[in-house]
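Chain and residue survey
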Amino acid sequence: MKIVCIGGGPAGLYFGLLMKLRHPAHQVTVVERNQPYDTFGWGVVFSDATMDNMRRCDPVTAAEVEQAFNHWDDIELHFKGQVIRSGGHGFVGIGRKRLLNILQARCEALGVELVFECEAGSSDQAPDADYPEADLVIASDGINSRVRSAHADVFRPDIVTRPNRFIWLGTRRQYDAFTFLFEKTAHGWFQAHVYKFDAHTSTFIVECPESVWLAHGLDQATTDESIAFCERLFAGNLQGEPLLSNARHLRGSAWLNFQRVTCAQWSFFNGRSQVVLMGDAVHTAHFAIGSGTKLAIEDAIELAGLLHAAGHRAQALPEVLQRYQALRNIDVLRLQNAAWNAMAWFEVCGERYCDQLDGPQFMYSMLTRSQRISHENLRLRDAAWLGGFERWFARRAGLAVADDQPAPPPMFTPYTVRGLTLKNRVVVSPMAQYMAVDGLPGDWHLMHLGARALGGAALVMAEMTCTSADARITPGCPGLWTDAQRDAWARIVRFVHAESDAAIGMQIGHAGPKGSTNAPWDGAGADQPLAAGNWPLLAASAVPYLPDLPDLSGGQVPRAMTEADMQQVLADHVAATRRAADAGFDWLELHCAHGYLLSAFLSPLTNRRSDAYGGSLQNRLRYPLQVLAAVRAAWPAERPLSVRISAHDWVDGGTTPDDAVAMARAFRAAGADMIDCSSGQVSAAQKPGYGRMYQVPFADRIRQEAGIATIAVGAISEADHVNSIIAAGRADLCAIARPHLANPAWTLTEAARIGYTPVAWPPPYRAAQSQLQAGFARDRAAAAPAKVEPA
Ligand SMILES: Cc1cc2nc3c(=O)[nH]c(=O)nc-3n(C[C@H](O)[C@H](O)[C@H](O)COP(=O)(O)OP(=O)(O)OC[C@H]3O[C@@H](n4cnc5c(N)ncnc54)[C@H](O)[C@@H]3O)c2cc1C
Ligand SMILES: Cc1cc2nc3c(=O)[nH]c(=O)nc-3n(C[C@H](O)[C@H](O)[C@H](O)COP(=O)(O)O)c2cc1C
């Protein structure tokens, strides 16, 4: 085959040499507009895992690259006068020039034709059209790929420009760890990402938000002025070494914005040749995760491998190229997701973490920024550092831990709020059972909540319990509108207090527009009106939850509440609160989420009122805040009160995470101790971004920006998740719903799984404890050691 690579970066060069190596009969040309030794940039970082891949494909190149590598294990943070260092991260750094020179020399040795100082494409012709005789054109022409833009209709690129500014500099100052420097200025925080890539030189990337950059007038600064600014900013660390630029030849500002590139289609036939995008031309990954070159190299490996397997036949190209996209896309998306999280962390750290977190927790948050690195993975990297961190965390939680003693993992540290100390950070999330009769909780509820109280969680929340008969979601919902209901709850509370060391909480709520429906397993299913016996619904506005349902008489289109309705519902909440206190509950949660009555006031999708209770967020908050204040006044001062909100409606025009921060501030001011950060279920049109721990970012943001403790909930399914959420300060407690539904002893099971044994089991169950622990210990010993990827 005739193969032309447009662009002699890592992707084009490595693909060219792999093809020639595997099948010398190919005629391979790499066209590069620059001179052989002329390149921008300083060093790039690989992980050990990328090196394994390269060793498999071409041991000769790998050996040369390895010789030129600087290998280091440590990450060092300089923050608020502290230096914190942890190890085991396994990075390799190499000068970009050095890498390209090795690849160029290997290409030449194998017979790849290298054509320098040759720009493919003229103003009126796509670059790939320059090579009509080629069977395969590799568009490895980098982030600003002209091949991609010339065929944008085919490749359908999606390019997102990010708000932070960065400048890519170098320094001769010696660093022996991947170093992160944070400096506060009058206008905000700057950070530098620093890594050594040869014996004398380190890459030094300085980054800040656009607003901070503008406030310092850096948009007006020349490259030299910008460098002088950065030298002054990091003078304390640079020890007199200057910062260096090798991008002076570039036009425009030396400060760049990162562009995230993805493409819907990676290849096509241009009438003469098959054309395929590779490397930065088709996808980019932010430098916060340092993997752009890794992706480029791995693209080359995948495509060369597929062509080899297909016998190097030109006829196989269309099929191979489709397969290349299908296979690579999975890895690329995974890495881009991780890179996106890491990038987003650096975009917000100045306003969200730098001032709020202490050094050790800031380090932990930074190390786990991509959400790929979990607590146990950190232990694998550097058990001593994590052990020290766990001691620091446990002491902050009030435990006395000696320096030579292991501390409990963050999940098993106590948490005190008002007069209540929870034994650990796990809450059994409220889960409707629809098993009450006339609002009375019965044996089912005793069994359900009792079993979970014995199962290790610190706090067991009762399901949404309704403030009046008409406030129910279904006829099977429990209530607190009668003294008989209070007494039935008191029986359950007594059991939990007598037989376990868990606390028990009550969630009160009013179904609002989502009332008068079936239990999920009855009739037409969840959210559907009852076949008979519907009751009238109240809501902020006459907006039905399911818009296409017929208006059943007394049924599914709610009535907009009058002032009198509001007073009545408020009084019902207060009465239910008093009964919950009398029943002995330790904790109260006000349900303001999921489209129920108070949630329907908060969301602009469901609140269309034109009076003082509708319109602005301040107005939409008015009634829920009145209810909260009244409930707080009726709830004993020493007992905690949380508010559950939907922090995101997942619908355009609905509540956003920005609104959620403002709501949290208002609830805090009205007496809430905690915000329980759920999302969605406000509109049937929602499109939630489900995924592992997908609602945790809301809890994190509210905690840092609204200054109130938070409960994270949603797809938190392992102790490892809980530990990393709590340790990083993304939330104070984690609520677990479905996993604790499936396994009442989920918390005890997870403790055994991670090998944390000093947890108290109920005495009659202790025979199971050591057996379970031994089984998990065997599993851990038999498991293959996990791979360490860069943070
Ligand atoms: C600040 C910063 C830090 C980074 N740090 C890292 C890191 O630590 N680790 C890492 O792995 N990656 C890092 N990267 C990303 C990395 O540089 C790229 O992901 C990687 O170089 C992509 O390789 P590539 O071959 O696809 O593209 P490139 O390396 O960009 O190569 C494209 C080549 O095509 C040439 N070209 C373009 N158009 C034409 C044309 N029409 N005709 C002829 N030649 C053409 C260009 O001159 C260039 O040489 C960083 C990037 C930035 C901006
Ligand atoms: C069967 C079931 C019933 C639920 N009932 C309630 C409820 O009464 N009140 C509430 O706020 N959330 C309720 N939820 C939501 C959960 O509390 C939790 O927020 C959600 O299931 C996500 O957590 P998970 O991924 O751990 O299941 C319920 C969830 C389930 C699965």
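The structure reproduced in this document is the subject of the present report. (Residues numbered from 1 in each chain as written. Chains lettered and ligands numbered in written order. Predicted model: local features only at pLDDT ≥ 70, side-chain atom pairs only at ≥ 80, totals over all residues. Heavy atoms only, no water.)

1. Looking at the overall build of the protein
Threshold: Note on conventions: DSSP H or I runs of at least 4 residues are helices, E runs of at least 2 residues are strands, and numbering of each starts at the N terminus. Note that the radius of gyration is over C-alpha atoms, with the globule rule given as 2.2 Å times the number of residues to the power 0.38. The contact criterion used throughout is that any non-hydrogen atoms of two residues lie within 4.5 Å. Each accessible area is a Shrake-Rupley result for a 1.4 Å probe, and residues are judged covered by the shown protein chains and nothing else.
Secondary structure summary: the protein contains 25 helices and 29 strands in total. Taken against the 2.2 N^0.38 rule, which gives 28 Å for 791 residues, the C-alpha radius of gyration of the protein at 30 Å falls within 12% of a compact globule. The contacts of the protein with a sequence gap of at least 6 include a subset with a gap of at least 24, amounting to 71%. For the protein, the computed accessible surface area is about 30000 Å², with 51% contributed by carbon and sulfur atoms.

2. Quick word on the sheet that holds strand β22 (residues 503-509)
To be explicit about the condition: Pairing between two strands requires that DSSP report at least two bridges joining them. Structural elements are reduced to axes, namely lines fitted to C-alpha atoms, with helices fitted over the stretch in contact, and the angle between N-to-C directions of any two is expressed from 0 to 180 degrees.
Within the closed barrel, the eight strands sit side by side as β20-β21-β22-β25-β26-β27-β28-β29. Their pairing is parallel. Across the sheet, the mean angle separating the axes of adjacent strands is 30° when strand polarity is ignored. Where strand β25 (residues 587-592) and strand β26 (residues 641-646) come together, five bridges link them in parallel fashion. Each residue of the ladder has a partner; that of Leu-588, found in β26, is Leu-641. Where helix α16 (residues 483-499) meets the sheet, its contacts fall on β21 (459-466) and β22, and the angle it forms with β22 comes to roughly 155°. Relative to β22, helix α17 (residues 563-583) is tilted by about 165°, and along the sheet it contacts β22 and β25.

3. Re helix α10 (residues 292-309)
Worth spelling out the cut-off: In this analysis, the expected span of each helix is defined as 1.5 Å times one less than the number of residues it contains.
Helix length check: α10, at 18 residues, gives a terminal C-alpha distance of 26 Å against a target of 26 Å (1.5 Å per residue), a fit within 8%. Positive backbone phi, at 75°, marks Gly-311, one or two positions downstream of α10.

4. Examining the nonpolar core
Put simply, the rule reads: By nonpolar core we mean a set of buried residues, namely Ala, Val, Leu, Ile, Met, Phe, Trp, Tyr and Cys, connected to one another through side-chain atoms within 4.5 Å. Buried, partly exposed and exposed residues are distinguished by accessible area as a fraction of the type maximum, computed with a 1.4 Å probe on protein chains only: under 20%, between the cut-offs, and over 50%, respectively.
Ranked by internal contacts, the top residues of the largest apolar core, which has 122 residues, are Phe-182, Phe-585, Tyr-623, Val-643, Phe-667 and Ile-702. Counting residues per element, this core draws most heavily on helix α11 (residues 317-354), which supplies eight residues. Dropping the residues within four chain positions of it, Val-643 is found in contact with Glu-589, Leu-590, Cys-592, Leu-628, Phe-667, Ala-672, Met-674, Ile-675 and Asp-676. Ala-68, Val-112, Val-137 and Ile-301 belong to the second largest nonpolar core, which has 73 residues in total.

5. Some thoughts on the pattern of salt bridges
In plain terms, the rule: Take a side-chain nitrogen of Lys or Arg and a carboxyl oxygen of Asp or Glu: if they are within 4 Å of each other, that pair is a salt bridge.
The full count for this structure, using the stated rule, is 37 salt bridges. Here Lys-184 ties to Asp-355 by a salt bridge, and the two come within 2.9 Å at their closest N and O atoms. On the criterion of sequence distance, the pair formed by Lys-184 in strand β11 (residues 178-185) and Asp-355 in the loop between α11 and α12 (359-367) is long-range, its members being 171 residues apart. In this structure Asp-355 comes out as partly exposed when scored by relative accessible area, which is 42%.

6. Overview of the side chain of Asp-382
Quick note on the threshold: His is not counted here, nor are the chain ends, while Lys and Arg score as positive and Asp and Glu score as negative. N or O atoms within 3.5 Å of each other form a polar contact, as long as, within protein, one can give a hydrogen and the other can take it, and as long as residues adjacent in sequence are counted only when both atoms are side-chain atoms.
With respect to the element layout, Asp-382 can be found in the loop between α13 (375-381) and α14 (383-396). Despite its burial, Asp-382 remains without a salt bridge, the nearest opposite charge being carried by Arg-85 at 8.0 Å. In this structure the side chain of Asp-382 is engaged in a polar contact, spanning 2.6 Å, whose partner is the backbone nitrogen of Gly-87. Non-local contacts of Asp-382, meaning those with residues more than four positions away in its chain, are made with Ser-86 and Gly-87.

7. A word on helix α8 (residues 223-233)
Let me state the cut-off plainly: Along the arc lie the directions from the helix axis toward the C-beta atoms.
Thr-223, Ser-226, Ile-227, Phe-229, Cys-230 and Leu-233 are the residues of α8 that are buried. An end-on view of α8 places all buried positions within 155° of arc, on one side of the element. Those residues of α8 hidden inside the fold are in contact with β10 (157-171), β11, β12 (188-196), β13 (202-208), α9 (235-238) and β14 (243-244).

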